[in-house]
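# Descriptive analysis of the structure
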Amino acid sequence: MAPPNEPAAVGVVRFSSLPDVPASFVEANGATEPLAPRPGTLSRLHKSLSTFSSSTSLLPHSSSCTFQEPTGTWFQGCYYLVATVGAPFTLSLPNAFARLGWAGGTTTVLVAYLATLWCATRMAHLHEFGGVRRTRYRDLGVAVLGPRLGRALVTCLQLVVNTGMCTIYPVICGQALQGAYTALCGLRAGAHCLPSLSPWIAGFSGAQLLLVVLPDIASLAPVQAAGALTTLGFCFLAVLGCILHGRDADVSYAIAGSVAGRLFPAFSALGSITLLFGNTVLVETQAVLAARPSAVPPMRRAALVGYTVICALVLAVVLSGYWAFGAGVDSLVFNSIRHPIWLVVLGNFLLVGNGLAGYLMFAHSVFDWVDTRIALAHWTGLEYRDSWAVIAKRLSFRWAFVAATGFLAVALPFITDLMGLVGSVGYAPLCFILPCVMWMMARGAALRRWERALCQLIAALFVLVGLLAAVGSAWSIVDHATSYAFFS
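Residues numbered from 1 in each chain as written. Predicted model: local features only at pLDDT ≥ 70, side-chain atom pairs only at ≥ 80, totals over all residues. Heavy atoms only, no water.

### Considerations on the side chain of E451
Its location among the elements puts E451 in helix α17 (residues 449-480). Overall, E451 belongs to the buried group, its relative accessible area being 3%. Within the local environment of E451, its side chain forms a polar contact with the side chain of R448, the two groups lying 3.1 Å apart. Every residue in contact with E451, bar those within four places of it in the chain, is listed here: W118, R122 and W439. (Helix = DSSP H or I, 4+ residues; strand = E, 2+ residues; numbered from the N terminus. Buried < 20%, exposed > 50% of the residue type's maximum accessible area, 1.4 Å probe, protein only. Polar contact = N/O pair within 3.5 Å; in protein donor to acceptor, adjacent residues only side chain to side chain. Contact = heavy atoms within 4.5 Å.)

Encoded structure:
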């Protein structure tokens, strides 16, 4: 335990001395004052605001601060995963599936599911590496890989990928809002429908300006629960729409085109399907779960149930979409369904709801890094506890971040192609390769032979998948370069 006058290590959660927490675990992680009785409405409001300027929520700068034990259950971890991983990109997978065919697409989904489940459970165990809870992926990377390599790999990759995700969400959700508006506008004869995508992207970013006021990932529970429900909703509507539409009379399942036209899109599709299962904020998700005495069992259960639900949803969407429309399925399956109008409109709105929740999860990883490294550095000379100046500083960065990602989304509406390249370089290492490497390093000689062989196989497989996906994405960028237009 850190001495009273020394700062505690950033990224380590300290627990209150509750009766059911073992003394050894409290000694390893630090003790705090007991939890206070449930406050009144005004007290809770004041406390919510004060988390922006104190270290009770995210910022353990001083061991004299009061930390509350995380109280999340495995079910909370489960719906966090479903909301984050079951993203709007799920609805683009039938198009990727069509590039691989029935056998190739189904095999890719199942292999990606099993590999993800293995890597997620390894990360769940590494969360308490060395007897201390590592509440951020970057801190876990430093602990296992060492300060230099951990920061170079994990911190840089996570910040780039998560910022990229926060740029691509406004584009996807702006397209969904535009799709819903166009469907409704088409019902009115002679109506002039707004063709531009930019206002819809701006509207999505405007909603995020309000939601980023929530202080940390733990406070996102209601938003993530709604995000998980919207994931179930738009996947159900997509499958229902495909069934109601039926199989096209002239449907074709042949993969047409030249050799290059079939091969490179297949590489890109391979990456799109496998990397969809990745989650760069898995460690941060586990940090909201209670540890009584350990957070490993609930996270293992959350990963098993959550990823099984996601795999079932993905299979239902891709199989129904490919069955109904074949190789001609649109990049967003609702654009192929089109009727009934109510289903398309509702499905697009649910997709936007999921996008709001997903954006927040990735954004808060960036906010946390800025809060602990830049915005609240000790050289500012500001008081940390109940300081309105610090509240203004944190909110100013968050609003600036939302504005910046919204502007990039408006300026680069084709960024979905660019992010395929970034995702293949970032998601494969963070979600599949590094978990296996860190597990082998952490376990050392205690690792059983079959476990080591499996980790090596998964790491090698996803090195290959990342490279192939990068090649396919680069080919797509070159092929579509003439159609790109800024602020289109």
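### What to know about the environment of H245
Counting through the fold element by element, H245 comes out in helix α9 (residues 221-245). Each C-alpha atom of the pair H245 and A324 lies 7.3 Å from the other, and the pair is 79 residues apart in sequence. If near-sequence neighbours (up to four positions away) are discounted, H245 is found in contact with F325, S336 and I337.

### A closer look at the nonpolar core
Soluble globular proteins: nonpolar side chains tend toward being buried together. Grouped together as the largest cluster of nonpolar side chains are 117 residues, with contacts concentrated most on L91, Y169, F277 and Y307. Sort the elements by how many residues they give to this core and helix α12 (residues 296-325) lands first, with 14 residues. Contacts of Y307, omitting those with residues within four sequence positions, involve L81, V85, Y113, T116, L117, A120, F277, N279, L282 and A302. Grouped together as the second largest cluster of nonpolar side chains are five residues, L197, I201, A409 and V410 included. (Core = buried A, V, L, I, M, F, W, Y, C linked by side-chain atoms within 4.5 Å.)

### Some thoughts on the packing of aromatic side chains
Counted by the stated rule, this structure contains 16 aromatic pairs. For the ring pair F264 and F267, a centre distance of 6.1 Å and an interplane angle of 85° mean the geometry is edge-to-face. You can see F264 and its partner F267 sitting in helix α10 (residues 259-276), three residues apart, about one turn around the helix. Residue F264 is classed as partly exposed on the basis of its relative accessible area of 23%. With a centroid separation of 4.0 Å and 0° between ring planes, the pair formed by F432 and F462 is classed as stacked. Taken together, the residues span a long stretch of sequence, with F432 in helix α16 (residues 415-443) and F462 in helix α17 at a distance of 30 residues. (Phe/Tyr/Trp six-rings, centres within 6.5 Å; stacked < 30°, edge-to-face > 60°.)

### What about the packing of helix α3 (residues 74-85) against α9?
It is at 8 Å that the axes of α3 and α9 come closest, and there the two elements cross at 60°. By the angle class used here, α3 and α9 are oblique. For the pair α3 and α9, the sense of crossing is left-handed. Residues Q76, Y79, Y80, V82, A83 and T84 of α3 pack against A221, Q224, A225, G227, A228 and T231 of α9. Its residues assigned to classes, the contact of α3 with α9 shows seven nonpolar, five polar and no charged. (Axes fitted to C-alpha atoms, helices over the stretch in contact; angles between N-to-C directions. Parallel < 35°, antiparallel > 145°, perpendicular 65-115°, else oblique. Left-handed = near helix turned anticlockwise from the far one by under 90°. Nonpolar A, V, L, I, M, F, W, Y, C, P; charged D, E, K, R; others polar.)

Shape descriptors only; they carry no functional weight alone.
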